Amino acid sequence: WYHEVLCSHSWSANICGQKRWVFYPPEVAEWLLDVRGNAATSAAPGSRPVDWEKNFPKLADAWQGRLEAVQESGELMFVPSGWYHEVDNLTFAVSINHNWLNASNAFQAWRFLQSEMELVGKKIGDLRDTFDSAEDFEERCQMLMKANCGLDLASWLSLLGSAAAEASKILE
């Protein structure tokens, strides 16, 4: 399970087959994570990780807050920004998926990128003294963040600049 990359919205068009979706609203998202921010393998009874009561004490509560749906062939499933979800193919299935950002989730994407940058900095923080400068350390953090989530802060600003330029053309 996961939430979509960059806290984007997503849709999944099921060409054939059948899928079971379990959605967890944002208000229960923290209950799916341990103290290190790692998600449990599943919140479903019988599929929970070993020692889940200790490491994920509110996992059962998250399960109670879930929404479930079965997606049939020819149906489209919308995944809102920030919703963790599990998907199981109940039969052989082929789907087409698409993620996107817009004004409704741009701030969530920005917060996600900020938290990713902070996380990368913490993960390699003990190596800070091995870099020639603070700028080199920051550059490496940006590179690792881009490798992990597809964008660094400069790419994000470029994306916003392009969107603003397109919007200004419409307003002219």
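Up top is the structure.
Rules used throughout
- Residues numbered from 1 in each chain as written.
- Predicted model: local features only at pLDDT ≥ 70, side-chain atom pairs only at ≥ 80, totals over all residues.
- Heavy atoms only, no water.
- Helix = DSSP H or I, 4+ residues; strand = E, 2+ residues; numbered from the N terminus.
- Buried < 20%, exposed > 50% of the residue type's maximum accessible area, 1.4 Å probe, protein only.
- Polar contact = N/O pair within 3.5 Å; in protein donor to acceptor, adjacent residues only side chain to side chain.
- Contact = heavy atoms within 4.5 Å.
- Pairing = 2+ DSSP bridges.
- Axes fitted to C-alpha atoms, helices over the stretch in contact; angles between N-to-C directions.
- Parallel < 35°, antiparallel > 145°, perpendicular 65-115°, else oblique.
- Left-handed = near helix turned anticlockwise from the far one by under 90°.
- Nonpolar A, V, L, I, M, F, W, Y, C, P; charged D, E, K, R; others polar.
- Salt bridge = Lys/Arg side-chain N within 4 Å of Asp/Glu carboxyl O.

Enquirer: Help me understand the environment of Glu 30, please; the structure alone is not making it clear to me.
Expert: Here Glu 30 is to be found in the loop between strand 2 (19-24) and helix 1 (52-55). With 71 residues separating them in the primary sequence, Glu 30 and Leu 101 have C-alpha atoms 22 Å apart.

Enquirer: How do you make sense of the side chain of Ser 81 when you look at a structure like this?
Expert: Structurally, the position occupied by Ser 81 is in the loop between strand 4 (76-79) and strand 5 (84-89). A residue is classified by how much of its surface remains accessible, and Ser 81, at 7% relative accessible area, is buried. For Ser 81, the side chain forms a polar contact with the main-chain oxygen of Cys 7, separated by 2.3 Å. Apart from residues no more than four positions distant in its own chain, Ser 81 is found in contact with Cys 7, Ser 8, His 9, Asn 105 and Gln 108.

Enquirer: Just to check I follow, could you spell out the sheet that holds strand 3 (residues 67-71) for this structure?
Expert: Hydrogen bonding along the main chain pairs the strands of a sheet, whether they run parallel or antiparallel. Sheet architecture is open: three strands sit in the order 3-2-5, paired in antiparallel fashion. Where the open sheet ends on each side, the last strands, each with one partner, are strand 3 and strand 5. Strand-to-strand twist in this sheet, taken as the mean axis angle between neighbours without regard to direction, amounts to 15 degrees.

Enquirer: Would you mind going over the packing of helix 3 (residues 106-123) against helix 4 (residues 134-149) with me for this structure?
Expert: The packing of two helices is summarised by the inter-axis angle and the distance between the axes. Where helix 3 meets helix 4, the axes come as close as 9 Å, and the angle between the chain directions of the two elements is 120 degrees. Viewed along their axes, helix 3 and helix 4 adopt a mutual orientation that is oblique. The hand of the helix 3/helix 4 crossing is right-handed. Along the contact surface, helix 3 presents Phe 112, Leu 113, Glu 116, Met 117, Val 120 and Gly 121, while helix 4 presents Phe 137, Glu 138, Cys 141, Gln 142, Leu 144, Met 145, Asn 148 and Cys 149. The class makeup of the residues in the contact of helix 3 with helix 4 is nine nonpolar, three polar and two charged.

Enquirer: Mind showing me how you'd approach the pattern of salt bridges here?
Expert: Once the charged atoms of two side chains with opposite charge are near each other, the side chains can pair. Overall, the coordinates contain five salt bridges when judged by the stated rule. Notably, a salt bridge pairs Glu 68 with Arg 66, separated by 2.6 Å at the nearest N-O pair. Here the salt bridges do not stand alone but share partners, grouping Arg 20, Arg 66, Glu 68 and Asp 88 into one network.

Nothing here speaks to function; it is geometry throughout.
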